Amino acid sequence: MENQVLTPHVYWAQRHRELYLRVELSDVQNPAISITENVLHFKAQGHGAKGDNVYEFHLEFLDLVKPEPVYKLTQRQVNITVQKKVSQWWERLTKQEKRPLFLAPDFDRWLDESDAEMELRAKEEERLNKLRLESQGSPETLTSLKKGYLFMYNLVQFLGFSWIFVNMTVRFFILGKESFYDTFHTVADMMYFCQMLAAVESINAAIGVTKTPVIPSLFQLLGRNFILFIIFGTMEEMQNKAVVFFVFYIWSTVEIFRYPFYMLSCIDMDWKVLTWFRYTVWIPLYPIGCLAEAVSVIQSIPIFNETGRFSFTLPYPVKIKVRFSFFLQIYLILLFLGLYVNFRHLYKQRRRRFGQKKKKIH
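In this report, we go over the structure that sits alongside the text. (Residues numbered from 1 in each chain as written. Predicted model: local features only at pLDDT ≥ 70, side-chain atom pairs only at ≥ 80, totals over all residues. Heavy atoms only, no water.)

Here the focus is the packing of helix 3 (residues 183–197) against helix 7 (residues 243–266). Axes are the key here: two packed helices are described by the angle between their axes and the distance separating the axes. Two elements in contact, helix 3 and helix 7, have axes whose closest approach is 10 Å; the angle formed by their N-to-C orientations is 35°. Handedness of the helix 3/helix 7 crossing: left-handed. Residues Thr183, Phe184, Val187 and Met191 of helix 3 form the contact with helix 7, whose own contacting residues are Val244, Phe245, Phe248 and Trp251. Looking at the contact of helix 3 with helix 7 residue by residue, the classes come out as 7 nonpolar, 1 polar and no charged. (Axes fitted to C-alpha atoms, helices over the stretch in contact; angles between N-to-C directions. Helix = DSSP H or I, 4+ residues; strand = E, 2+ residues; numbered from the N terminus. Left-handed = near helix turned anticlockwise from the far one by under 90°. Contact = heavy atoms within 4.5 Å. Nonpolar A, V, L, I, M, F, W, Y, C, P; charged D, E, K, R; others polar.)

Have a look at this one:
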């Protein structure tokens, strides 16, 4: 005898955008579920209220739906989700006013319209929050990006100053003292690049990307760039002097230890030898570098006086000529003030890093 075709129990609920149907059939095999002309067609072999049989039903929806139902089989039931074409609340499920006998509300999922609206708003708010977090990035992502950015910046600076240091060292061993006098023309372009890029350090400190104090960073940036762009860059007479070699060599020597130390810090590595050099090499080099910069300023004063470059006359009725050398003399004072600020900052860093050995009192 052929299996009798029966109708299963179907329970339904809705949200503004979706319809949920729960078909009470267990051990379902070969379900055929489709929507044509806004009518849901269901047919499946399974175990229902009338035992193991073929069960089927048809539902014509009250309003338009999308013709792609999604279903999920469980051991005890079939869950069907249908998307409404227009997000709105329906007064009933079917086009016919009288409810089919096999259809009943699914009170496990049932919400009235106001509750459904609150749920919809909560979901929308959750979606917007998720989009906002994705646009801002998670804290872990931001930290990784910051570390990657700082690593690349320090790598570029390390490569630039290493090129300057190696170039000057090789030329010195080949040419001896003769290499002093064409240092500017040999490495100036790379030094310009590195020192302009160094402005990034002060910006990072100012906006909180790094914990470096702004004042010491700014003192070093402005001091070096004044020497490079004003004293050396604008006066050809200064570019052939031996002092250029000593200024550039000391700058690059300091940086070939500082930048790789920061690179390794970005990836949480600590190389003790490099760390020691980073916090020690500045002790002799900073004062020597400051002295070399002071010599370059002093040597440039008569040249600026002779050429009158950057000098100006105050307007009537004062009519006093102000020589640029006056500002250079003020700069010499600021130069040693900057040395004190940076020396004090670096000394504190070194003391924090290595600590002070306390003597035991017996």
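The residue Asp27 is not glycine, and still its phi comes out positive at about 50°. As for its position among the elements, Asp27 is in strand 4 (residues 26–36). In this structure, Asn38 takes a positive phi of about 65° despite not being glycine. Position of Asn38 relative to the elements: it lies in the loop between strand 4 and strand 5 (39–48). Among the residues examined, Asn38 registers a relative accessible area of 16% and is labelled buried. (Buried < 20%, exposed > 50% of the residue type's maximum accessible area, 1.4 Å probe, protein only.)

A separate point is the pattern of salt bridges. For the structure on display, the rule yields 10 salt bridges. Between Arg22 and Glu24 there is a salt bridge; the shortest N-O distance is 2.4 Å. Since its relative accessible area comes to 15%, Arg22 is described here as buried. For Arg171, the salt bridge is made with Asp182, and the minimal N-O distance between the two is 2.4 Å. Taken as a pair, Arg171 in helix 2 (residues 139–175) and Asp182 in the loop between helix 2 and helix 3 lie far apart in primary sequence, 11 residues in all. (Salt bridge = Lys/Arg side-chain N within 4 Å of Asp/Glu carboxyl O.)

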